[in-house]
Amino acid sequence: MNTPHEAVVIADTSGDATPAAAAARTSVTVIGLGNLGHVLARTFLDNGHPTTVWNRSAAKADPLVADGARRAATVAEAVAAGELVIVCVLDYDAVRQLLDPAAEALRGRVLVNLTSGTPGPARELAARVAGLGAAYLDGAVYAVPQTIGTREAFVLYSGAADAFETHRQELGLLGDAVFVGTDPGSTPLHDVALLSGMYGMFAGFFQALAIGDSAGIRPTELTTLLVRWLHEAAAALPGFAEEIESGDYTTETSNLDINAVGLANILLATRAQGVPVDLLAPLQELFTEQITQGHGRAGISRTIESLRHRRADG
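Residues numbered from 1 in each chain as written. Predicted model: local features only at pLDDT ≥ 70, side-chain atom pairs only at ≥ 80, totals over all residues. Heavy atoms only, no water.

(A) Molecular detail of the pairing of strand S1 (residues 28-31). Burial along S1 is two-sided: Val28 and Val30 and Thr29 and Ile31, pointing in opposite directions, are all buried. In this structure, S1 lies alongside strand S2 (residues 51-54), joined through four bridges in parallel fashion. Looking at S2, one finds that threonine 29 is bridged to threonine 52. Viewed along the sheet, the connection from S1 through helix H2 (residues 35-46) into S2 turns out right-handed. Pairing of S1 with strand S4 (residues 84-87) involves four bridges; the strand directions are parallel. The partner of isoleucine 31 across the bridge, within S4, is valine 87. (Buried < 20%, exposed > 50% of the residue type's maximum accessible area, 1.4 Å probe, protein only. Helix = DSSP H or I, 4+ residues; strand = E, 2+ residues; numbered from the N terminus. Pairing = 2+ DSSP bridges. Right-handed = clockwise from strand over helix to strand, strands pointing away.)

(B) Main features of the sheet that holds S2. Here eight strands make up an open sheet; going across it, the order is S3-S2-S1-S4-S5-S6-S7-S8 and the pairing mixed. Sheet topology places strand S3 (70-71) and strand S8 (176-179) at the edges, where each strand pairs with a single neighbour. In the packing of helix H6 (residues 119-131) onto the sheet, contacts are made with strand S5 (110-113) and strand S6 (135-142), and the angle to S6 comes to roughly 145°. Together, S6 and strand S7 (154-159) form the strand contacts of helix H9 (residues 186-214), whose direction differs from that of S6 by roughly 15°. (Contact = heavy atoms within 4.5 Å. Axes fitted to C-alpha atoms, helices over the stretch in contact; angles between N-to-C directions.)

(C) Seen up close, the packing of aromatic side chains. If you walk through the whole model with that rule in mind, you get six aromatic pairs. Taking 5.8 Å as the distance between ring centres and 85° as the angle between the ring planes, the aromatic pair formed by tyrosine 199 and phenylalanine 202 counts as edge-to-face. Pair noted here: tyrosine 199 and phenylalanine 202 are both in helix H9, with a separation of three residues, about one helical turn. For phenylalanine 202, a relative accessible area of 31% puts it in the partly exposed group. Ring geometry for phenylalanine 205 against phenylalanine 206: centres 5.5 Å apart, planes inclined by 55°, an arrangement best described as tilted. Chaining the aromatic ring pairs together yields one cluster made of Tyr199, Phe202, Phe205 and Phe206. (Phe/Tyr/Trp six-rings, centres within 6.5 Å; stacked < 30°, edge-to-face > 60°.)

(D) Molecular detail of the side chain of threonine 303. Note on placement: threonine 303 falls in the loop between helix H13 (281-292) and helix H14 (304-313). Of note is the side chain of threonine 303, whose polar atom sits 2.7 Å from the backbone oxygen of isoleucine 300. Here threonine 303 is in contact with Leu256, Leu283, Leu286, Phe287 and Gln290, once residues within four sequence places are set aside. (Polar contact = N/O pair within 3.5 Å; in protein donor to acceptor, adjacent residues only side chain to side chain.)

(E) Representation of the nonpolar core in the model. If you look at the biggest cluster of nonpolar residues, it comprises 26 residues, and the most contacted ones within it are Ile86, Val112, Leu114 and Tyr157. Among the elements of the structure, S1, H2, S4, S5, S7 and helix H7 (161-166) are those that each provide at least two residues to this core. Dropping the residues within four chain positions of it, leucine 114 is found in contact with Leu40, Ile86, Val87, Cys88, Gly139, Ala140, Val141, Val155, Tyr157 and Leu174. Among the nonpolar cores identified, the runner-up in size contains 25 residues, and Val85, Tyr92, Ala102 and Leu132 belong to it. (Core = buried A, V, L, I, M, F, W, Y, C linked by side-chain atoms within 4.5 Å.)

(F) Local environment of the environment of glutamate 289. Within the secondary structure, glutamate 289 sits in helix H13. On a C-alpha basis, the gap between glutamate 289 and isoleucine 86 in space is 46 Å, while along the polypeptide they are 203 residues apart. Of the polar contacts made by the side chain of glutamate 289, one reaches the side chain of serine 306; its length is 2.8 Å.

(G) Representation of the pattern of salt bridges within the structure. Taken as a whole, this structure holds 10 salt bridges when the rule is applied. Where arginine 123 meets aspartate 183, a salt bridge forms, and the shortest distance between an N and an O atom there is 2.9 Å. Of this pair, arginine 123 sits in helix H6 while aspartate 183 sits in the loop between S8 and H9, and the two are 60 residues apart along the sequence. Taking relative accessible area as the criterion, arginine 123 reaches 39% and is therefore assigned partly exposed. A salt bridge links arginine 168 to glutamate 165; the nearest nitrogen and oxygen atoms lie 2.7 Å apart. The class of arginine 168 is partly exposed, set by a relative accessible area of 37%. The structure contains a network of salt bridges with shared partners spanning Arg42, Asp46 and Asp67. (Salt bridge = Lys/Arg side-chain N within 4 Å of Asp/Glu carboxyl O.)

(H) Quick peek at the pairing of S5. In S5, alternate side chains face the same way, and those of Val110 and Val112 on one face and Leu111 and Asn113 on the other are all buried. Note that the unit made of S4, helix H5 (residues 92-99) and S5 has a crossover that is right-handed. Across four bridges, S5 lies against S6 in parallel orientation. Residue pairing in the sheet places valine 110 in a bridge with alanine 135 of S6.

This is how it looks when you write it as structure tokens:
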């Protein structure tokens, strides 16, 4: 594997900032310096890694270059400079367009794609990268730029297991590094699932504020109470997951019958306030379907069986 053409001397977090110490660290390239990419490059740079950067708008690299990063004139030059090549751009089409001219430079390197995508294109890109003699890891970052490199951040990876183990320490600088499988499509699939949960929460949040707004309740006032309640409600999720995994939905407490009545009342009151129920009505349909099938006394987590049934039918 090639190393950068110039040694980069920057502060080592252990206190050793000699040229030899800097050169001994894995050379890293970051392609794409948007809000996230800039922080990724900064994290590697601040942790003593020789860091090469490239961005379509070259001026975005100026603050990093001023602090010791090396600016590459082309993507091929950037790829050649790093053992670990991080790509963080708009979409997979942009990744392919950027890397095609640098295909030969990829040989022997590890490409970590932190661009958001879907499973199919991730597998296609991984196969193409492997065919060029490089290792591929698909990644998904769960952090805002300000929390990269802190305990609050975690990053999922899938693809080449050996490459992940080799660079676990470097990847761990960005946040808790979690390997979710050798299928490159596993990370995007996890991402779709986790973000679905997030957007479902957002839907409930918007519904809540719309109801509050109809009665003159200030969004900030209601949100303070909602966040407090959601923290408590989230504690039930691991238990639901265990029920779903085991297939045992037996409960002595909050069953589907009870929840269906509760949600029906919520929908009734919401309509009375003149607020649409489009975001919650589909959940009531799933409750009703399970009850109609004779599962009213089962736990609320059995709702997933309706989704599984519809997936199978589809």
